[in-house]
Amino acid sequence: MPLPPLKLLLIAGARPNFMKIAPLIKAVEAHNRTGNGNTRAVEFCLVHTGQHYDEKMSNIFFRELGIPAPHHNLEIGSGSHAVQTANIMIRFEPVCLEEKPDWVIVVGDVNSTVACTLVATKLGIRVAHVEAGLRSYDRGMPEEINRLVTDAIADLLLTPSEDADQNLLREGVAPKRIRTVGNIMIDSIIGRTLPENPTAILDRLGLKKEGFLFVTLHRPSNVDDRATLEVIVRELSAIANEWPVVFPIHPRTLKNMETFGLSFADSPHLQLIEPVGYHDSLALTENARCLLTDSGGLQEESTFFRTPCLTLRPNTERPVTVILGSNRLTTPARLREDLRSTLQGPARTGIIPPYWDGKTAERIVAELLRAG
Ligand code: UD1
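All values reported here derive from a predicted model rather than from experimental measurement.

### Section: the domain arrangement of the chain
Reasoning step 1: When the domains of the chain are assigned, the result is domain 1 (6–182 + 356–371) and domain 2 (200–344).
Reasoning step 2: For domain 1 versus domain 2, the separation of C-alpha centres amounts to 27 Å.
Reasoning step 3: Contacts between domain 1 and domain 2 engage 19 residues on the former and 20 residues on the latter.
Reasoning step 4: When domain 1 packs against domain 2, close to 1700 Å² is buried across both sides, 61% of that on carbon and sulfur atoms.
Reasoning step 5: Counting across the domain 1 and domain 2 interface gives four salt bridges.
Reasoning step 6: Here domain 1 is connected to domain 2 by five residue pairs in polar contact (both at pLDDT 80 or more).
Reasoning step 7: Breaking the side of domain 1 that touches domain 2 down by element, the ones donating at least two residues are α1 (15–34), α2 (55–65) and α5 (142–153).
Reasoning step 8: Of all the elements, α2 adds the most residues to the side of domain 1 that touches domain 2, at six residues.

### Let's talk about the site of the ligand
Reasoning step 1: As a structural note, the neighbourhood of the ligand is formed by 19 residues, with Gln51, His52, Asp54, Glu143 and Arg252 the closest of them.
Reasoning step 2: Contact distances for the ligand include 2.8 Å between an oxygen atom and a backbone N or O atom of Tyr53.
Reasoning step 3: Within the side chain of His250, a nitrogen or oxygen atom sits 2.9 Å from an oxygen atom of the ligand.
Reasoning step 4: Contact with the protein chains hides 88% of the accessible area of the ligand, taken as 750 Å² for the molecule alone.
Reasoning step 5: Counting residues per element, the shell around the ligand draws most heavily on helix α11 (residues 251–260), at three residues.
Reasoning step 6: The residue inventory of the shell around the ligand, partitioned by class, reads five nonpolar, nine polar and five charged.

Cut-offs used in this document
- Residues numbered from 1 in each chain as written.
- Predicted model: local features only at pLDDT ≥ 70, side-chain atom pairs only at ≥ 80, totals over all residues.
- Heavy atoms only, no water.
- Domains from an automatic or database assignment.
- Contact = heavy atoms within 4.5 Å.
- Buried area = accessible area lost by both parts, 1.4 Å probe.
- Salt bridge = Lys/Arg side-chain N within 4 Å of Asp/Glu carboxyl O.
- Polar contact = N/O pair within 3.5 Å; in protein donor to acceptor, adjacent residues only side chain to side chain.
- Helix = DSSP H or I, 4+ residues; strand = E, 2+ residues; numbered from the N terminus.
- Near = heavy atom within 4 Å.
- Areas by Shrake-Rupley, 256 points an atom, 1.4 Å probe, with all protein chains shown as cover.
- Nonpolar A, V, L, I, M, F, W, Y, C, P; charged D, E, K, R; others polar.

If you want it as structure tokens, here you go:
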């Protein structure tokens, strides 16, 4: 009797999850076509929690990454951490009971990650965490709490790099729960189907290759505090007098700028635009002279393209981007100085870390089949 298909419940909730889920779906489909040495079929069911929900934060990523429509959309929307996490848990439990998966697969470190992990583990369903083991050692970050809780209770911890393994081992995690599989974000970059004109956004915004700075900022620590955001706006305005700046603004940042009465009105060379989709974001990352960001994903994507990146944070849970890649940490006070020295350096820098080879999703499917 052949084994029944291995059933996976894949969880996507917020913007940084979509480029981690897309390669898993492709790898499952490829496994079912080729067998890859294991004849057991794999079935998936996609759950979108609706943590991010609008065109620019969600829908465009489904289209551009070729993700099929979710089987379940929990439509939970925005709210405080407690409200969001609790609502996901309440709406996710009946989905688990109905679908009865062999595994729940969560990615990254958003509220959807921890909420679905809590529900599944308590129902006795095994959970695999993709991008396990990352630590900023900063519990002021909501994502750090999500990472700690998820890794403490998930069954299989699929890590992107050796430093993540070490973090888990230091926390007393049994080695048999840990598998180094690589960086799944890179699978999405390598496997993407490029649009007809991949750099159309540069033409649209009048930007020259390596002739602009690409800025994204949305962390509560940078944008929720009035005094901090005011300094950042002032520094960016000064920088934009010397370099064209493009800043696709996250809804959290926009809302806070409005609340605090801040603007870039006197900065004609700073283009404040709506959040961009996946292809445009990669085109800006690949072609910028330098990034300034507080995003985890962009630290990795800039390292992949070897574009210099300044990360406006006191720490990073992705140290490999600093040690091997093109990333460097900065502060609002040091920003202009660090930018000046970066612009004096090479336009491409760093090396691409190990396991950033586009085959992470394939390794994950193999690990799940092995675990049964
Ligand atoms: C969340 C994640 C963060 C991730 C970020 C990427 C957590 C704890 N945080 O933070 O790790 O880096 O997503 O964007 O899970 N909004 C919209 N449209 C949307 C979604 C949100 O306009 O589709 C607005 C809402 O007004 C909301 C605000 O953006 O209040 C912030 O969204 P929220 O989901 O609270 O957190 P993020 O800052 O996006």
